[in-house]
Each structure stands twice: as structure tokens, then as C-alpha cells.
Amino acid sequence: MNFEPQIPEWGTEDFKKHQDKLFEYHEWLKNTAIKTGLISKKTDQFIWDEFIIHSLYFAKLIKKFKNISECEIIDLGTGAGIPGIPISIVNKTNVSLVDNKQKRIYELERLVKILNLNNAKPIKKMQNNSKRGKNSIIVMRCYVSTSNILKTLEKKQLKDNNLIIFVSSSSKSSEIFNTMFHVKQEKFLINKNNFRYIDVITDM
Ligand SMILES: C[S@@+](CC[C@H](N)C(=O)[O-])C[C@H]1O[C@@H](n2cnc3c(N)ncnc32)[C@H](O)[C@@H]1O
């Protein structure tokens, strides 16, 4: 193995047991996903740390904030299934993998069969058409910025109970104030030395 499949301390107890399937996904990302253009060429270590470990922190937050068996999880702009596929590996809850590119949906349909993931469902949809039930958790990574999501939510007066949105943000810390929504920035170690941030937006 030419990379270190590390799991930071915050994840060892919950996620170590899923390591075999996470390896399989890593293999798929470094072979099929790069070959089919779903992700650009990256090192094995980058794929493990920045895609898989980063996604696991979304899964950790989901566990922390909700009784997840009552929720549906929607990964908007999923691309190669990041963070939706790792979330569906470590949780039994249904995860919709939404992207507007049909080619990506075909590749993800093949992937969920390879990984035997009965709870992950690739769906071709535009952002605005995505149906959202009451207990939805929407996750987005590298898709829309926190401030743009807040603008959209404000414009639509989208303020129903139990809405939770996780958003990936940059490697820098920032403070965002909003009168309608609560934004909390979660900071976590992605490997031994480097921190990343995820913004969690909830309605107040
Ligand atoms: C920058 S990629 C991020 C992919 C993945 N979440 C990640 O972290 O690597 C953004 C993805 O959003 C998809 N996308 C763009 N516009 C969309 C829309 N209106 N509805 C759904 N997906 C969309 C693109 O096809 C692409 O796969």
C-alpha cells in the first residue's frame, strides 16, 4: 500500500469497522472515477484524506445532530459520491446522491452495485427540483458556498422545522452571522496535522 489509510481519533471508534468497504471505495475513486472524469487525478493519500476522511466528518456530524433513523439524507452535487457514499457506508439511513449530470448518475449506479449499498440511491435532478421531506439533512461538499446557500434560503423564506444543512467550507476559519439561521463552524483534524472546517446551518 502506497498510502496511509489513517482515521483520526474522532473517528476510530465509529468508523474503523467500515474500513474494508471504505478501501473498496478508495479503489473505485483512484481507478474508475479518475478514468471516467468524475474526479481529476489525485494521489492515493489525497483521495483518502480529502475525500474519504472529509466525508466521514459529515457522517459524524449527522450522528451528533439528529436521530438519523428518522431522517433522509440528500447529498446535493454529489459528483463521485462525496460525501454521500462514505455516509451510506457507515450509516444505514437512506442517502440520495443527487447530481444533474446523467453520466455521473450512471457511474454511481454501477458503484452502488459494486459496493452492495442498498441505502444509496443516485438521482438525476436539478437543485431546485429536489424534493425535501420534513426531516431532511442536506449535505453539500465543494458545491455551493455557505453565504450563497444562506442567500437562497432567505429569498425563499425556506424555514421549516428540522432543516439541517451541512456545507463544506474552505481550510480557513470564518465567522458568518445570519439573523434567520444559525451557522456553526465545526473544526476537525483531517489527518495528523491539518484542520478542515464544515459549516452547519440550522433553522433557529
Ligand atoms: C465541484 S463538484 C463537487 C462534487 C463532490 N460533492 C465533491 O465534493 O467532490 C459539483 C457537482 O455538482 C453537480 N451540479 C452542478 N450543478 C448542479 C445542479 N444544479 N443540481 C445538481 N447537481 C449539480 C456537478 O455535476 C458536480 O458533480
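Higher on the page you've got the structure.
Quantities reported herein were computed from a predicted structural model and do not represent experimental measurements.

Conventions and cut-offs
- Residues numbered from 1 in each chain as written.
- Predicted model: local features only at pLDDT ≥ 70, side-chain atom pairs only at ≥ 80, totals over all residues.
- Core = buried A, V, L, I, M, F, W, Y, C linked by C-beta atoms within 7 Å.
- Buried ≥ 20, exposed ≤ 12 C-beta atoms within 10 Å, placed from the backbone.
- Helix = DSSP H or I, 4+ residues; strand = E, 2+ residues; numbered from the N terminus.
- Expected span 1.5 Å × (residues − 1).
- Bend = angle between axes of the 7 residues up to and from the residue.
- Pairing = 2+ DSSP bridges.
- Axes fitted to C-alpha atoms, helices over the stretch in contact; angles between N-to-C directions.

Q: Break down the nonpolar core for me, with residues and values.
A: Within the largest apolar cluster, 47 residues are counted, with the highest numbers of intra-cluster contacts made by Ile52, Phe58, Ile73, Ile87 and Val139. The element that contributes the greatest number of residues to this core is helix 3 (residues 44–65), accounting for 10 residues.

Q: Which residues make up helix 2 (residues 19–35), and what are the values?
A: For helix 2, which comprises 17 residues, the first-to-last C-alpha distance of 24 Å matches the rise-based estimate of 24 Å (1.5 Å per residue) to within 8%. Leucine 29 marks where helix 2 bends most, by close to 35°. For helix 2, the set of buried residues is Leu22, Tyr25, His26, Trp28, Leu29, Lys30 and Ala33.

Q: How would you explain unusual backbone geometry if you had to name every residue and give the values?
A: That bond from isoleucine 82 to proline 83 is cis: its omega, 10°, falls within 30 degrees of zero. At asparagine 116, a position not held by glycine, the phi torsion is positive, near 55°. On the neighbour-count criterion, asparagine 116 (8 C-beta atoms within 10 Å) is exposed. At cysteine 142, a residue that is not glycine, the phi angle is positive and equals roughly 55°. Assignment of secondary structure puts cysteine 142 in the loop between strand 4 (136–140) and helix 6 (146–156). Judged by local crowding, cysteine 142 falls into the partly exposed class, with 16 C-beta atoms found within 10 Å.

Q: Any chance you could break down the sheet that holds strand 4 for me, citing the residues and the numbers?
A: To summarise the sheet geometry, strands pair through backbone hydrogen bonds and adopt either a parallel or an antiparallel arrangement. Strand order in the open sheet formed by 7 strands is 3-2-1-4-5-7-6, with mixed pairing between adjacent strands. Looking at strand neighbours, the two that pair on one side only are strand 3 (120–124) and strand 6 (181–189), the edges of this open sheet. Neighbouring strand axes in the sheet, compared pairwise and without regard to direction, differ in orientation by 20° on average. As paired strands, strand 6 and strand 7 (residues 195–203) are joined by 9 bridges and run antiparallel to one another. By the bridge assignment, phenylalanine 188 is partnered in strand 7 with arginine 196.

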